[in-house]
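Observations on chain architecture
Okay, here's what each chain looks like letter by letter:
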Amino acid sequence: MGVYDLICNRRTIRKFLQERIPKNDLLACLNAARLAPSSRNRQPLEYILIVKNLDLVFNHVSIAGYNSAVGPLDDEKPVAYIVVISNKDINDHPRYDVGLAVENIVLTALERGIGSCIMGSVEREELKPKLKIPENYNIELAIGLGYPKQKSQEAKYKGDVKYYLNEDGVLNVPKRSLKDIMHEEVF
Ligand SMILES: Cc1cc2nc3c(=O)[nH]c(=O)nc-3n(C[C@H](O)[C@H](O)[C@H](O)COP(=O)(O)O)c2cc1C
């Protein structure tokens, strides 16, 4: 699948098969993050890959805030996490860098059949010492990874952004239409 098709087909996955992800695929995700654009090429981001102490992360994130039925049962949790951290001494507001690096991770994973959930809802103060993260680093985002055990699709936006399960149990994610977000020449 080309990049555009990957982007169009990507949806957040929150229920995962309990199958191990080959280490090389995880390393490809991190390498894609490493090569992402970075403001002034300062490269403040580093990554913690977690495949063993999974509950350590899971216990400090919040999945599917809009609808818990969309989130994982005990045997559907992510089988790997990438925690994105930033070195405050290099850049203490690296939000654009984070977004670009995370999208690289997500698309590289998807190309390999791996689903992902970006998580901004993280108990950062609690998780930081547990992951032995030095004081001069911030936790930016966590990404849960695994092979999908859930289908998700784009749905028409009808005034509510909340995702929902349809009658077939498929996750529907309302997206604003191109016509609603696009301006030509001027606003
Ligand atoms: C910065 C950011 C933070 C997010 N944080 C969470 C989160 O804490 N928990 C969660 O379940 N999903 C989280 N998501 C996933 C969004 O809910 C999801 O992208 C959105 O509902 C649109 O669905 P889609 O990714 O399938 O297009 C986050 C996404 C982004 C970009």
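Presented here is a report on the structure given in the accompanying data block. (Residues numbered from 1 in each chain as written. Predicted model: local features only at pLDDT ≥ 70, side-chain atom pairs only at ≥ 80, totals over all residues.)

**Considerations on the overall build of the protein**
- Check the secondary structure of the protein and you find 6 helices and 7 strands.
- Starting at the N terminus and ending at the C terminus, the protein contains elements arranged as α-α-β-α-β-α-β-α-β-β-β-β-α.
- For the protein, whose C-alpha radius of gyration is 17 Å, the value lies close to the compact-globule estimate of 16 Å for 187 residues.
- By the burial criterion, 26% of the 187 residues in the protein qualify as buried.
- A sequence separation of at least 24 residues applies to 76% of the contacts in the protein between residues at least 6 apart. (Helix = DSSP H or I, 4+ residues; strand = E, 2+ residues; numbered from the N terminus. Rg over C-alpha atoms; globule rule 2.2 N^0.38 Å. Buried ≥ 20, exposed ≤ 12 C-beta atoms within 10 Å, placed from the backbone. Contact = placed C-beta atoms within 7 Å.)

**Overview of the site of the ligand**
- Residues in close proximity to the ligand total 16 residues, the closest being Arg-11, Thr-12, Met-119, Gly-120 and Ser-121.
- Per element, the largest residue contribution to the shell around the ligand is 3 residues, and it comes from strand S3 (residues 115-119).
- Class assignment of the residues belonging to the shell around the ligand gives a composition of 8 nonpolar, 6 polar and 2 charged. (Near = placed C-beta within 6 Å. Nonpolar A, V, L, I, M, F, W, Y, C, P; charged D, E, K, R; others polar.)

**Section: unusual backbone geometry**
- The backbone of Asn-41 shows a phi angle near 50°, a positive value even though the residue is not glycine.
- Here Asn-41 is to be found in the loop between helix H2 (23-34) and strand S1 (45-50).
- Overall, the presence of 7 C-beta atoms within 10 Å leaves Asn-41 in the exposed class.
- In the Ramachandran plot, Gln-43 falls in the positive-phi region, its phi being about 55° despite a non-glycine side chain.
- With respect to the secondary-structure elements, Gln-43 resides in the loop between H2 and S1.

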